[in-house]
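One letter stands for each residue in the lines below.
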Amino acid sequence: MTQEEFIPLPYPNTVVEGVVKWKSPSNIALVKYWGKKENQIPANPSISFTLNACATTTKVSYKKLNAKGTDFSFDLFFEGKPKEGFKPKIETFLTRIEEYLPFLKNYHFTIETSNSFPHSSGIASSASAMSALALCFMSLEKELNPDMTADYFKNKASFLARLGSGSACRSIEGTLVQWGKHKNTSGSTNLYGIKYPNKVHPIFKNYHDTILLVDKGQKQVSSTVGHNLMHNHPYAAQRFAQAHKNLDELETVFKEGNLKRFIEIVESEALTLHAMMMTSMPYFILIKPNTLEIINKIWEFRAITKLNICFTLDAGANIHILYPESEKEQVYQFIKDKLVVYCENEQYLCDRIGVGAKQIKVKSEK
Ligand code: DP6
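The text that follows walks through the structure, step by step, so that each part is easy to find.

Rules used in this analysis
- Residues numbered from 1 in each chain as written.
- Predicted model: local features only at pLDDT ≥ 70, side-chain atom pairs only at ≥ 80, totals over all residues.
- Heavy atoms only, no water.
- Phe/Tyr/Trp six-rings, centres within 6.5 Å; stacked < 30°, edge-to-face > 60°.
- Helix = DSSP H or I, 4+ residues; strand = E, 2+ residues; numbered from the N terminus.
- Buried < 20%, exposed > 50% of the residue type's maximum accessible area, 1.4 Å probe, protein only.
- Lys NZ or Arg CZ within 6 Å of the ring centre and 35° of its normal.
- Salt bridge = Lys/Arg side-chain N within 4 Å of Asp/Glu carboxyl O.
- Expected span 1.5 Å × (residues − 1).
- Pairing = 2+ DSSP bridges.
- Axes fitted to C-alpha atoms, helices over the stretch in contact; angles between N-to-C directions.
- Contact = heavy atoms within 4.5 Å.
- Disulfide = S-S within 2.5 Å.
- Near = heavy atom within 4 Å.
- Polar contact = N/O pair within 3.5 Å; in protein donor to acceptor, adjacent residues only side chain to side chain.
- Areas by Shrake-Rupley, 256 points an atom, 1.4 Å probe, with all protein chains shown as cover.
- Core = buried A, V, L, I, M, F, W, Y, C linked by side-chain atoms within 4.5 Å.

Overall, the coordinates contain 23 aromatic pairs when judged by the stated rule. Geometrically, the ring pair formed by F49 and Y207 is tilted, given 5.5 Å between the ring centres and 40° between the ring planes. Of this pair, F49 sits in strand β4 (residues 46-64) while Y207 sits in the loop between β9 (193-195) and β10 (208-212); the two residues are 158 residues apart in sequence, bridging distant segments of the chain. Residue classification places Y207 among the buried positions, given a relative accessible area of 1%. Here the basic side chain of K83 rests over the ring of F86, its NZ or CZ set 5.0 Å away from the ring centre. Cation over ring: K87 sits above F74, and NZ or CZ is 5.1 Å from the ring centre.

Let us look at the pattern of salt bridges. Scanning all chains against the criterion turns up 11 salt bridges. Ionic pairing is found between E264 and R261, a salt bridge with its closest N-O pair at 2.5 Å. One end of the pair, E264, and the other, R261, are both in helix α6 (residues 259-278), 3 residues apart, so they sit about a helical turn from each other. Take R261: its relative accessible area is 26%, and that puts it in the partly exposed class. In this structure, K328 engages E325 in a salt bridge whose closest nitrogen and oxygen atoms are separated by 3.0 Å. Among the residues examined, K328 registers a relative accessible area of 27% and is labelled partly exposed. Each of E249, K260, R261 and E264 takes part in one network of salt bridges that share partners.

It is worth spelling out helix α5 (residues 236-256) at this point. Because an α-helix packs 3.6 residues into every turn, residues spaced three or four apart end up facing the same way. Between the first and last C-alpha of α5 there are 31 Å, a value that for 21 residues agrees with the 30 Å anticipated at 1.5 Å per step. All of the buried residues in α5 are A236, R239, F240, A243, N246, L247, L250, V253 and F254. Looking at the residues trailing α5, positive phi occurs at G257, about 70°.

As a further point, take the sheet that holds strand β13 (residues 348-352). Strands pair in a sheet through their backbones, by hydrogen bonds, and they do so in one of two ways: parallel or antiparallel. Strand order in the open sheet made by the 4 strands is β11-β12-β10-β13, with antiparallel pairing throughout. A single partner strand is all that each edge strand has here, and the edge strands are β11 (310-313) and β13. Sheet twist, expressed as the average angle between the axes of neighbouring strands with direction ignored, equals 25°. Sheet topology note: the β11/strand β12 (residues 319-323) ladder contains 4 bridges and is antiparallel. Note on β12: the bridge partner recorded for F311 is I321. Contacting β11 and β12, α6 runs over the sheet at an angle of about 30° to β11. Each of β10, β12 and β13 is contacted by helix α8 (residues 328-339), which is oriented at about 155° to β12, the strand it contacts most.

Now for the state of the cysteines. Note on terminology: a disulfide is the covalent bond linking the sulfur atoms of two cysteines. Here the structure, examined in full by the defined rule, presents 0 disulfides. Take C54: it sits in no disulfide, and the sulfur closest to it among the cysteines is that of C350, at 9.8 Å. As a non-bridged cysteine, C136 has C169 as the owner of its nearest cysteine sulfur, 18 Å distant.

Before going further, it helps to examine the site of the ligand. The ligand sits among 17 residues. The nearest are Y33, K36, S165, G166 and S167. At a separation of 2.7 Å, an oxygen atom of the ligand approaches a polar backbone atom of G166. At a separation of 2.6 Å, an oxygen atom of the ligand approaches a polar side-chain atom of S167. For the ligand, whose unbound accessible area comes to 460 Å², protein coverage reaches 91%. Broken down by element, the residue count for the shell around the ligand peaks at 3 residues, all from helix α4 (residues 223-228).

This part is about the nonpolar core. If you look at the biggest cluster of nonpolar residues, it comprises 45 residues, and the most contacted ones within it are I97, L104, F109 and F137. The set of elements that each furnish at least two residues to this core consists of β1 (17-31), β4, β5 (73-78), α1 (87-97), β7 (107-115), α2 (126-144) and α3 (150-164). The element contributing the most residues to this core is α2, with 10 residues. With near-sequence residues (within four places) excluded, F109 lies in contact with V60, S61, Y62, S73, F74, D75, F103, L104, F137 and L140. The next biggest cluster of nonpolar side chains, apart from the first, holds 29 residues, and it includes I28, L176, F204 and Y207.

Turning our eyes to something else, we now look at the pairing of β12. Counted residue by residue, β12 has 5 buried out of 5 residues, so it is predominantly covered. Along β12, one buried face is formed by I319, I321 and Y323 and the opposite face, lined by H320 and L322, is buried too. By the bridge criterion, 5 bridges tie β10 to β12 in an arrangement that is antiparallel. The residue bridging I211 from the neighbouring strand is H320, located in β12. In textbook terms, the turn of a hairpin is the stretch between consecutive antiparallel strands, and for β11 and β12 this stretch comprises 5 residues.

Here is the structure:
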């Protein structure tokens, strides 16, 4: 689909008021998105596991205004309390998506949102938050245009979520989602995430992700600043080419269930992401001493046990530990016995691969 196809024709229906609610998960990238062009177009394709437990639930109540406003009209509640601090981000999001949802200034919205994971856990919530909000607006658009197909609904939800936060476009569906044009993945596009179209071996079913909270502090560098550091980065071209190559290789890895090669690609991607940050100008080190302690312990444990445990990182110090369902007892025991001591307040979150966002029924509050 092209961008223009997401600009709707005049809506057949009129809707005065209502409530919609979605729960949308976070995701963890295996091949990382790091670097973007204008309008949230990624510099390279990426692929992620959709998560299950780490999620944002957002309820949007809407009421038609007597006349179209000049500005967006909305109230925002985070975990039950008004949250002025989040409003500028939402304003920017609404401005970016208005062309595709021309009704936005015709309504007053009350947005109530909450996360399943603890606030300030260092877990990025933009993917789950932006995808949940995009889905709520799509539910309203579906009421305005009931003939909309299910494919259009999910593609456009992902397209809108991308305009809020790039990685958010990978949170609509599960369990493996690819975003970004890659010549060997059919249907792949820079505009939205697609369900991975190739064969996936059953070993990846119920894959686990235990997230070790090494540092719960505020991010030292926002992802937008981080992405921009890939402009004029001395290694950018090589890095973008590497992402394409890793996706090519993953096709066979996913088909055959080759966990040895899966681990090499996933860990290399995580370390490359951080290598890019360390070699940009200005440069950043986002991992902490305990991040390295954990990585070394994982490598030691893997060498001894031959289990298929591996790690990945996002733009911070926390570690995602990935392992197959069949090895969960031994790996979980190892995490509890040997790794949890390196976490801030011994905190960690148990998650696993999930199927994507879910709509939640709400009783109409009329
Ligand atoms: C390191 O999606 O948070 O997690 O598009 O600026 O909102 P924006 O960036 P964001 O970047 C995520 C970067 C990453 C890697 C990934 O998820 O692919």
